[in-house]
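One letter stands for each residue in the lines below.
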Amino acid sequence: MKKGLPGRVFELIIIFEKVMRLQNKVAIITGAGRGLGRSIALLFGKEGARVVLAATHPEEIEHVATELRVLRKQVLAVPTDVSDEEQVNRMVRKALDSFGTVDILVNNAGVRGPIAPIHEIPIAEWDHTLRVNLTSAFLCTKAVLPTMIEKKQGKIINIATTLTPRPNLTAYMVAKAGMIHFTKQLSREVKEHNIQANCIHPGVMDTRMQEEIRQAGPKAIGTDMFERLKEEGMLRSPDEPARLVLFLASRAADGITGEYLSFDDKETKFLISQM
Ligand SMILES: NC(=O)c1ccc[n+]([C@@H]2O[C@H](COP(=O)([O-])OP(=O)(O)OC[C@H]3O[C@@H](n4cnc5c(N)ncnc54)[C@H](OP(=O)(O)O)[C@@H]3O)[C@@H](O)[C@H]2O)c1
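Quantities reported herein were computed from a predicted structural model and do not represent experimental measurements. (Residues numbered from 1 in each chain as written. Predicted model: local features only at pLDDT ≥ 70, side-chain atom pairs only at ≥ 80, totals over all residues. Heavy atoms only, no water.)

**Overview of the sheet that holds strand E1 (residues 26–30)**
Spatial strand order, E3-E2-E1-E4-E5-E6-E7: 7 strands in an open sheet with parallel pairing. This sheet does not close on itself; its edge strands, each paired only once, are strand E3 (75–79) and strand E7 (260–262). The sheet shows a mean angle of 20° between the axes of neighbouring strands, direction not considered. As paired elements, strand E4 (residues 104–107) and strand E5 (residues 154–159) share 4 bridges and run parallel to each other. When the sheet's bridge partners are listed, Ile 104 is paired in E5 with Lys 155. Those strands touched by helix H4 (residues 85–99) are E1, strand E2 (50–55) and E3, and its axis lies near 160° from that of E3. Contacts from helix H6 (residues 170–190) reach E4, E5, strand E6 (195–201) and E7 within the one sheet, and its direction differs from that of E6 by about 160°. (Pairing = 2+ DSSP bridges. Helix = DSSP H or I, 4+ residues; strand = E, 2+ residues; numbered from the N terminus. Axes fitted to C-alpha atoms, helices over the stretch in contact; angles between N-to-C directions. Contact = heavy atoms within 4.5 Å.)

**Focus: the layout of surface pockets**
Gaps left between atoms show up when a probe the size of a water molecule is rolled over them. Within this model, the largest pocket holds a volume of roughly 1200 Å³. Lining of the largest pocket is provided by 50 residues; of these, Gly 110, Val 111, Tyr 172, Thr 207 and Met 209 occupy positions nearest its centre. Elements that contribute at least two residues to the lining of the largest pocket include exactly helix H2 (35–46), E2, helix H5 (123–151), H6, helix H7 (208–215) and helix H9 (223–231). Top element by residues in the lining of the largest pocket is H7. It accounts for 5 residues. In this model, the second largest pocket occupies a volume close to 180 Å³. Lys 25, Asp 103, Ile 104, Gln 153, Gly 154, Lys 155, Asn 194, Gln 196, Ala 249, Ser 250, Arg 251 and Asp 254 are the residues that line the second largest pocket. When its residues are assigned to classes, the lining of the second largest pocket shows 2 nonpolar, 5 polar and 5 charged. (1 Å grid on protein atoms, 1.4 Å probe; cavity = no way out; pocket = protein on both sides within 12 Å on 5 of 7 lines; lining within 4 Å. Points joined across faces, edges and corners; volume = space filled by probe spheres on them. Nonpolar A, V, L, I, M, F, W, Y, C, P; charged D, E, K, R; others polar.)

Below, the structure is given as C-alpha cells:
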C-alpha cells in the first residue's frame, strides 16, 4: 500500500532520529555562550541532546539558547560562575529538575589568565586562573557524579590545551596541564561505574580568547606566530574540534577513557573524518 505524505514524513523523522548521535541525552556544557562551547552546544542540540548552557554572562547563553529553540531543541540557560561551588550545585540541580538526569558533562569554560612572566603574576590572578580553568572541572564533576554513578553511565569531556610550554601564560598552562591529569585520575575512579572521562586539546581556534591573546602584543605572547597561523589557515573554526567532543560524548567512544587527544594529531583528524 502506498503511504501518504504524513506517513512518509514520519518515517523520515524516525530514520533521522536513528542517526542522531545524542538522542535524548542530557548534556551540560560550561562556557557555552561563545567560541568552542557555543559550537559544542549547537552540535549537541542538532544531534538530539537536551542541552544545559552555563556561563557567567546571561546574554550570550540566552542567545545560544534562542538559536537552539529556533531548531525546536530543548535547552536551559543557567547563568553560572563555574568557579563557585554553590552556583555549580544550583545549576546541576536546575538541570536535574528540568530534564531528570545528566548524561554528559563538558568542562569547557576557561579564561586565559595573566600574560606576564612568572615573577610578575599577582597571586590573586594565579588563584583565579586555576579556579576557573581547573577547580571548576572538579566542582562540576563532583556535582554530576552521584547521578552518573547511580545510573551507571556517563561521559565527561574536559577541554585542555597543548602540553608545549607557552612562556608568559604559566597560570593558564599549569591549570590546563592539571586538567589532563585530573581526567586521568577521574577515569580510573569511575571506570567501574561505566563512566568515561577524556580530555582534548582543541588546537588553535578563532575565538575571543585567541583574539585576546593575539591582541596582547608580540612582546607578551608572539602575535607574529598567531598572525602566521591565521594566514596559513591554521586558526580553525571551533566547529571543527566540536566534532571531536561529539565523538567522545557518543556511544562510538564507549571504549575510550582516560585519553588526552589533540585535534592537531593526524590520527584524531582521521577518527573524526570517519564520523
Ligand atoms: N581558543 C583557542 O585557541 C584555545 C586553544 C586551546 C584550548 N582552548 C580552550 O577551549 C575552551 C574554550 O575556549 P574559547 O576559545 O572558546 O574561549 P572564549 O571564546 O573566551 O569562551 C570562553 C567561555 O568560557 C566562559 N567562562 C569564562 N569564565 C567563566 C566562569 N567563571 N564561569 C562560567 N563560564 C565562564 C565564557 O563565558 P562568560 O564570559 O559569560 O563567563 C565563555 O562562554 C577553553 O577552556 C580554552 O582554554 C582554547
